Amino acid sequence: MFDVETLVIGAGAVGLATARALSMSGREVMVLERHDLIGSETSARNSEVIHAGIYYPKDSLKARTCVEGKEQLYRFCAEHGVAHERIGKLIVASDKGQVAELESIRAKAAANGVEDLKVLSRADVASLEPELNSEGALLSPSTGIIDSHGYMLALQGELEALGGQVVLNTDVVALAVLPGGGFAVTVAAEGEGGEPYVLTCRELILSAGHDAPRLGAELSGAKAPKSYLAKGSYFKLAGRAPFSQLVYPVPEPGGLGVHLTFDLQHQARFGPDVEWVDHVDYRVDPARGEKFYAAIRRYWPGLPDNSLVPDYSGIRPKISGPGEAAADFHVDNFSNHGIAGFVALYGIESPGLTASLSLAQTVLARL
């Protein structure tokens, strides 16, 4: 009766993980992706960190799916040969006024089931990372780094081995509920002058990142939230950093501060900052680097002058705006909107990559 049983819109990490889970459940699955490459927006423009699940409110979907997803992701990487490293990270109090905040962070992590954090004194930190300016820190040994594209390629490979499909260069422009149940998905034609065409499906999963609220609003009653864009720029370090672990300052409003991460070749990069924008533009303004120096030197006073090079940027698909408390992940289903067979994911920013396998199981359960 339908062109395909289940359609997933968006081939980022969460969309691909969800499609894989749906295929493993026996469904016929097709993933539609508007770009010519999988995971080329939010999933590719982040810190590539496997998060421990430290910062999120107790019992939130972010907390649960991050803590569950972290262990699932480490297992998946080991079983599928995806490059990763359980490198660990330090959350650093760079002045005495932040030391009390470390205990608050540790307690929040423990409430989420993250009980491996270690409290470090100033002397402990100095012995581990002599270049750090610190009044104390928390060590998170279960934080890691991952080749995000290698991960998504592994998800795609397993999906296709199960009979699923990923269709690139396919831009969804409209959604509608069919009178007898199921959905009509209108897709823009390739090239100039072509006619749009319609695909029908029994089940529809909306995992379109930035575009999810706009597309969700196409369905009457879907209750799609308002979307906001928070840009984060990254700068890489010219030369080698004198650290062996990731370094995060105590979090700031809107993000986790300008932190030090490594790629799998241990090239250091710093970011992201927080810049609220009204449209998607991935260009990195070199002038933003000036503020990076001051932020980084709070915990690394020895950062050399003129050592930061503009690298890349990402844009968080937020559903809470400036000055508002960070929103939880939304995985909306019939109980939220009353549309049978429709699950919509909104506000899947960090830790979405870490949480992707757990979010996939959440979608399957709610469908």
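Residues numbered from 1 in each chain as written. Predicted model: local features only at pLDDT ≥ 70, side-chain atom pairs only at ≥ 80, totals over all residues. Heavy atoms only, no water.

## So, the overall build of the chain
Here comes step 1: Each helix and strand in the chain was counted, giving 9 helices and 20 strands.
Here comes step 2: Here the C-alpha atoms of the chain give a radius of gyration of 21 Å, agreeing with the 21 Å that 2.2 N^0.38 yields for 367 residues.
Here comes step 3: Its C-alpha atoms give the chain principal-axis dimensions of roughly 70 × 40 × 40 Å.
Here comes step 4: Long-range pairs, those at least 24 residues apart, make up 72% of the contacts in the chain with a sequence separation of at least 6.
Here comes step 5: Total accessible area on the chain is roughly 15300 Å²; 50% of this is exposed by carbon and sulfur atoms. (Helix = DSSP H or I, 4+ residues; strand = E, 2+ residues; numbered from the N terminus. Rg over C-alpha atoms; globule rule 2.2 N^0.38 Å. Contact = heavy atoms within 4.5 Å. Areas by Shrake-Rupley, 256 points an atom, 1.4 Å probe, with all protein chains shown as cover.)

## Some words on unusual backbone geometry
Here comes step 1: The step from Gly-271 to Pro-272 runs through a cis peptide bond, and the omega angle for that step is -5 degrees.
Here comes step 2: With respect to the secondary-structure elements, Pro-272 resides in the loop between β16 (268–271) and β17 (275–277).
Here comes step 3: A cis amide bond, omega 10 degrees, links Ser-350 with the succeeding residue Pro-351.
Here comes step 4: With respect to the helices and strands, the residue Pro-351 is situated in the loop between β20 (342–346) and α9 (352–366).

## Description of the pairing of strand β12 (residues 197–206)
Here comes step 1: Counting buried positions over the 10 residues of β12 gives 7, a clear majority of the element.
Here comes step 2: Examined bridge by bridge, strand β1 (residues 4–9) and β12 share 5 bridges and lie parallel to one another. Directly across from Ile-9, in β12, lies its bridge partner Leu-206.
Here comes step 3: Judged from the 3 bridges that link them, β12 and β20 form a sheet pairing that is parallel. The residue of β20 that forms the bridge with Leu-206 is Ala-344. (Buried < 20%, exposed > 50% of the residue type's maximum accessible area, 1.4 Å probe, protein only. Pairing = 2+ DSSP bridges.)

## Section: the sheet that holds strand β3 (residues 49–50)
Here comes step 1: Spatial strand order, β3-β8-β4: 3 strands in an open sheet with antiparallel pairing. Edge positions in the sheet fall to β3 and β4 (84–85), since each of these pairs with one other strand and no more.
Here comes step 2: In this structure, β3 lies alongside strand β8 (residues 144–146), joined through 2 bridges in antiparallel fashion. Bridged to Ile-50 within β8 is Gly-144.

## A few points about the pattern of salt bridges
Two side chains carrying opposite charge are able to pair once their charged atoms lie near each other.
Here comes step 1: In the structure shown here, the tally under the stated rule is 18 salt bridges.
Here comes step 2: Between Arg-34 and Glu-41 there is a salt bridge, and its shortest N-O distance comes to 2.8 Å.
Here comes step 3: Arg-34 is paired through a salt bridge with Asp-211; the nearest N and O atoms lie 3.0 Å apart. In this pair, Arg-34 is assigned in the loop between β2 (29–32) and β3 and Asp-211 in the loop between β12 and α6 (212–216), connecting sequence segments 177 residues apart.
Here comes step 4: Residue classification places Arg-34 among the partly exposed residues on the basis of a relative accessible area of 34%.
Here comes step 5: Looking at Asp-211, the relative accessible area reads 15%, which means it is buried. (Salt bridge = Lys/Arg side-chain N within 4 Å of Asp/Glu carboxyl O.)

## Overview of the pairing of strand β7 (residues 136–140)
Here comes step 1: Counting buried positions along β7 yields 5 of 5 residues, so the element is predominantly enclosed.
Here comes step 2: Burial along β7 is two-sided: Gly-136, Leu-138 and Ser-140 and Ala-137 and Leu-139, pointing in opposite directions, are all buried.
Here comes step 3: Where strand β5 (residues 89–93) and β7 come together, 5 bridges link them in antiparallel fashion. Of the residues in β7, the one forming a bridge with Ile-91 is Leu-138.

## Quick notes on α9
Here comes step 1: Along its 15 residues, α9 runs just 18 Å from first to last C-alpha, ending more than 12% under the 21 Å computed at 1.5 Å per residue.
Here comes step 2: The largest bend along α9 measures about 45 degrees and falls at Ser-358.
Here comes step 3: Within α9, burial applies to Gly-352, Leu-353, Thr-354, Ala-355, Ser-356, Leu-357, Ser-358, Leu-359, Ala-360, Thr-362 and Val-363. (Expected span 1.5 Å × (residues − 1). Bend = angle between axes of the 7 residues up to and from the residue.)

## Some details on the packing of helix α2 (residues 61–80) against α9
In helix packing, the relevant descriptors are the interaxial angle and the interaxial distance, both defined with respect to the helix axes.
Here comes step 1: Two elements in contact, α2 and α9, have axes separated by 6 Å at closest approach and are oriented at 110 degrees. By the angle between their directions, the pair α2 and α9 is classed as roughly perpendicular. Classified by chirality, the crossing of α9 by α2 is right-handed. In this structure, α2 uses Leu-61, Arg-64, Thr-65, Cys-66, Glu-68, Gly-69, Lys-70, Gln-72, Leu-73 and Phe-76 to contact α9, whose residues at the interface are Leu-353, Thr-354, Ala-355, Leu-357, Ser-358, Leu-359, Thr-362 and Arg-366.
Here comes step 2: Taken together, the residues of the contact of α2 with α9 break down into 8 nonpolar, 6 polar and 4 charged. (Axes fitted to C-alpha atoms, helices over the stretch in contact; angles between N-to-C directions. Parallel < 35°, antiparallel > 145°, perpendicular 65-115°, else oblique. Left-handed = near helix turned anticlockwise from the far one by under 90°. Nonpolar A, V, L, I, M, F, W, Y, C, P; charged D, E, K, R; others polar.)

## As for the nonpolar core
General note: in soluble globular proteins, nonpolar side chains tend to be found buried as a group.
Here comes step 1: Of all hydrophobic cores here, the largest spans 46 residues; its most connected members are Ile-54, Phe-270, Ile-296, Tyr-299 and Leu-308.
Here comes step 2: Of the residues forming this core, the biggest block, 4 residues, is contributed by β5.
Here comes step 3: For Phe-270, the contacting residues outside a window of four places in its chain are Ser-233, Tyr-234, Phe-235, Leu-237, Val-258, His-259, Leu-260, Phe-292, Ile-296, Tyr-299, Trp-300 and Leu-308.
Here comes step 4: Judged by nonpolar contacts, the second largest core, of 38 residues, contains Ala-17, Ile-38, Phe-76 and Ile-205. (Core = buried A, V, L, I, M, F, W, Y, C linked by side-chain atoms within 4.5 Å.)

## Here we look at the packing of aromatic side chains
Here comes step 1: By the definition in use, this model includes 6 aromatic pairs.
Here comes step 2: An angle of 85 degrees between the planes, with centres 5.4 Å apart, marks the rings of Phe-76 and Tyr-151 as edge-to-face. One end of the pair, Phe-76, is in helix α2; the other, Tyr-151, is in helix α5 (residues 148–161), and 75 residues separate them in sequence.
Here comes step 3: Its relative accessible area of 3% is what places Phe-76 among the buried residues.
Here comes step 4: Ring centres 6.3 Å apart and planes at 20 degrees place the aromatic pair Phe-270 and Trp-300 in the stacked group. With Phe-270 in strand β16 and Trp-300 in the loop between α7 (289–297) and β18 (308–318), this pair connects stretches of sequence that are 30 residues apart.
Here comes step 5: In textbook terms, an aromatic cluster arises when at least three aromatic residues are bridged by ring pairs, as seen for Phe-243, Phe-270 and Trp-300.
Here comes step 6: When the ring centre of Tyr-74 is taken as reference, the NZ or CZ atom of Arg-86 above it lies at 3.8 Å. (Phe/Tyr/Trp six-rings, centres within 6.5 Å; stacked < 30°, edge-to-face > 60°. Lys NZ or Arg CZ within 6 Å of the ring centre and 35° of its normal.)

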